[in-house]
Amino acid sequence: MTQLTINDSTCLPEGSTHKILLPPTDPNADVLEVSGYRLVYHNGACPRVYRAYKGDSMLGLVFEHLTHWSNAVDNIRHQEPLSAAITLDEFMQAAGVIRKAKEEQLGAVA
């Protein structure tokens, strides 16, 4: 994964280079390991935003609030980060099945 940097004079000191999207393997990355998933801190104060990985694949974003976790695909307040990551994973799997079925259906029509 390529290291991305930004130079934005509106939010950073002049000449500052700020690292964003640290890969999970970066020693400076804030990584939270939860049963089969890795949550890598991305940004935010409240909620803190984590990128959720399963293996080497990024699933999406999980948000840490003061009292709960969420994942932007449901309106449920999850008590644990694992619950939010599993729900996100299940959503992505279902979306993949639907997408594949639509592609097969379009292929049959053409």
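Quick note: structure is the one above.
Basis of the calculations
Residues numbered from 1 in each chain as written. Predicted model: local features only at pLDDT ≥ 70, side-chain atom pairs only at ≥ 80, totals over all residues. Heavy atoms only, no water. Salt bridge = Lys/Arg side-chain N within 4 Å of Asp/Glu carboxyl O. Helix = DSSP H or I, 4+ residues; strand = E, 2+ residues; numbered from the N terminus. Phe/Tyr/Trp six-rings, centres within 6.5 Å; stacked < 30°, edge-to-face > 60°. Buried < 20%, exposed > 50% of the residue type's maximum accessible area, 1.4 Å probe, protein only. Lys NZ or Arg CZ within 6 Å of the ring centre and 35° of its normal.

Caption draft 1: Seen up close, the pattern of salt bridges. In the structure shown here, the tally under the stated rule is 3 salt bridges. Two residues, D89 and K54, come together in a salt bridge whose shortest N-O distance is 2.8 Å. On the criterion of sequence distance, the pair formed by D89 in helix 1 (residues 81-109) and K54 in strand 5 (residues 48-54) is long-range, its members being 35 residues apart.

Caption draft 2: Examining the packing of aromatic side chains more closely. Evaluated as defined, the whole model comprises 2 aromatic pairs. Aromatic pair Y41 and Y50: ring centres 5.8 Å apart, planes at 65 degrees, arrangement edge-to-face. What makes Y41 partly exposed here is its relative accessible area of 27%. Residue class for Y50 comes out buried when judged on its relative accessible area of 6%. Each residue in the set Y41, Y50 and W69 is aromatic and connected to the rest through ring pairs, giving one cluster. Looking at R48, its charged tip hangs above the ring of Y41, at a distance of 3.8 Å from the centre.

So yeah, pure geometry; function would need other evidence.
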